[in-house]
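Summary of the model geometry
Chain by chain, the residues:
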Amino acid sequence: MGFWKTLFGGEADPEEVKKNSDERQFDLLKYDGVKAMRMGQFEYAMKCFQKALETQNDPEVHDYLSRAYIRQGMLDEAFAELKTVVDMEPDNVNLMMQAASVAHMKEDYTAMAALCEQAIAVDAENALAHLFYAKCELGQQNVVQAIARLTKVIALDEELIEPRLLRGQTLLQMGDLKAARQDVDWLEEHSPANEDVLLLHARIEAAQGQVDAALKKYGEVIDVNPFNIDAFRERGRLRLLQDDKDGAEADMKMVLELNPQEMADVSGDYSAEGIEQKTRQAYSNLNPFGI
């Protein structure tokens, strides 16, 4: 009606004018924020989204703002934004899982469990919700409950890689090598070039005393990812146990090259004579199987 009044010479409705102005400002701020995020300008994006929310309480903008906060390492702020959106859309399981993911990064397992339970109440057969609940159990060191939850996830969706990988890793930690191997055999059949799968296989071989097979698998991990520090570190320990001082020395050099701070107490003496004592000391503090 305000438009027609203006067109025919009448006075526009001030409230409608303000509403239209606010909507234009909101759209511009939202667009500028999204554009800034795509360009990596997260501080400016946050300012745009915060200003936009002063005009309109929009769930999508809260979501965008949470993503910008995450990129800036502001996890508490990101979680608060996502919780706001979850409260606005209480049946949106995907949003709950976004919030649960941030809670996981914060190691806030109480909040994470609450979100998972809320999601399961909405959709009891949601595999992702049960997967996040299993991660919550693992974070709290409730390994038996985590194994049971991961098994449920696999029953809900047999093609998922992550729950089998997590279950295999957890079974290895529990010392159930037979069950862990069953998971890794399935994983290698369905995801043969996955470095985490190959690393798990290497650790199982090492735990079973199959040193040659373990060394071969560690080599495969490194072929897939030449920057995998765990593979170099754990292979170096095995090489040392096999009295392969040159091999252990080479792997330790790679660990130090990839992460100089990891073994800052090891000096630069990489001679065959000096490597044994220093490498044994360094590797003695490391857990070769991730247990």
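Just so we're clear, the structure is a prediction, and the values are computed from it rather than from any experiment. (Residues numbered from 1 in each chain as written. Predicted model: local features only at pLDDT ≥ 70, side-chain atom pairs only at ≥ 80, totals over all residues. Heavy atoms only, no water.)

1. Notes on the overall build of the protein
For the protein, the helix and strand inventory stands at 16 helices and 0 strands. Counting all 291 residues of the protein, 43% fall into the buried class. Taking contacts inside the protein between residues at least 6 apart in sequence as the whole, the part at least 24 apart equals 47%. (Helix = DSSP H or I, 4+ residues; strand = E, 2+ residues; numbered from the N terminus. Buried < 20%, exposed > 50% of the residue type's maximum accessible area, 1.4 Å probe, protein only. Contact = heavy atoms within 4.5 Å.)

2. Let's talk about the confidence of the model for the protein
Per-residue confidence for the protein averages 88 on the pLDDT scale, and 83% of its residues sit at or above 70. Confidence over residues 266–275 falls short of pLDDT 50; this stretch has 16 contacts with residues more than four positions distant or in other chains. (pLDDT = per-residue confidence, 0-100.)

3. Overview of the packing of helix H8 (residues 127–139) against helix H9 (residues 143–156)
Packing of H8 against H9 brings their axes to within 8 Å, and their N-to-C directions diverge by 165°. In this view, H8 runs roughly antiparallel relative to H9, as classed from their interaxial angle. Handedness of the crossing formed by H8 with H9: left-handed. Residues Ala 127, His 130, Leu 131, Tyr 133, Ala 134, Glu 137 and Leu 138 of H8 touch H9, and the partners they reach there are Gln 145, Ala 146, Arg 149, Leu 150, Lys 152, Val 153 and Leu 156. (Axes fitted to C-alpha atoms, helices over the stretch in contact; angles between N-to-C directions. Parallel < 35°, antiparallel > 145°, perpendicular 65-115°, else oblique. Left-handed = near helix turned anticlockwise from the far one by under 90°.)

4. Some points on the packing of H9 against helix H10 (residues 162–174)
Following both chains from N to C, one finds H9 and H10 inclined at 150°, their axes separated by 9 Å at the closest point. As far as their axial angle goes, H10 and H9 are roughly antiparallel. For the element pair H9 and H10, the recorded crossing hand is left-handed. Taking contact as the criterion, the partners of Val 143, Ile 147, Leu 150, Thr 151, Val 153 and Ile 154 in H9 are, on H10, Pro 163, Arg 164, Leu 166, Arg 167, Thr 170, Leu 171 and Met 174. Looking at the contact of H9 with H10 residue by residue, the classes come out as 9 nonpolar, 2 polar and 2 charged. (Nonpolar A, V, L, I, M, F, W, Y, C, P; charged D, E, K, R; others polar.)

5. Here's the deal with the nonpolar core
Phe 49, Phe 79, Met 97 and Met 112 are the most contacted members of the largest nonpolar core, which has 41 residues in total. Every element with two or more residues in this core is listed here: helix H2 (14–38), helix H3 (42–55), helix H4 (59–71), helix H5 (75–88), helix H6 (93–106), helix H7 (109–122) and H8. Those residues in contact with Phe 79, other than ones at most four positions away along the chain, are Ala 99, Val 102, Ala 103, Lys 106, Ala 111 and Leu 115. (Core = buried A, V, L, I, M, F, W, Y, C linked by side-chain atoms within 4.5 Å.)

6. Quick notes on helix H14 (residues 229–241)
Under the 1.5 Å per step criterion, the end-to-end length of H14 is 19 Å for 13 residues, consistent within 8% with the ideal 18 Å. Most of H14 is tucked away, with 10 of its 13 residues classed as buried. For H14, the N-terminal capping position is held by Asn 228, with its side-chain oxygen 3.2 Å away from the main-chain nitrogen of Asp 230. Backbone geometry just downstream of H14 places Asp 243 in the positive-phi region, at approximately 65°. (Expected span 1.5 Å × (residues − 1). Polar contact = N/O pair within 3.5 Å; in protein donor to acceptor, adjacent residues only side chain to side chain.)

7. Concerning the packing of aromatic side chains
One pass over the structure, following the stated rule, counts 1 aromatic pair. Pairing Phe 49 with Tyr 64 gives two aromatic rings, centres 5.6 Å apart and planes at 15°, and the pair type is stacked. Of this pair, Phe 49 sits in helix H3 while Tyr 64 is found in helix H4, placing the two residues 15 residues apart along the sequence. A cation over an aromatic ring shows up here: Lys 106 above the ring of Phe 79, its NZ or CZ 5.7 Å from the ring centre. Here Lys 135 stacks its cationic end above the ring of Phe 132, 4.9 Å away from the centre of that ring. (Phe/Tyr/Trp six-rings, centres within 6.5 Å; stacked < 30°, edge-to-face > 60°. Lys NZ or Arg CZ within 6 Å of the ring centre and 35° of its normal.)

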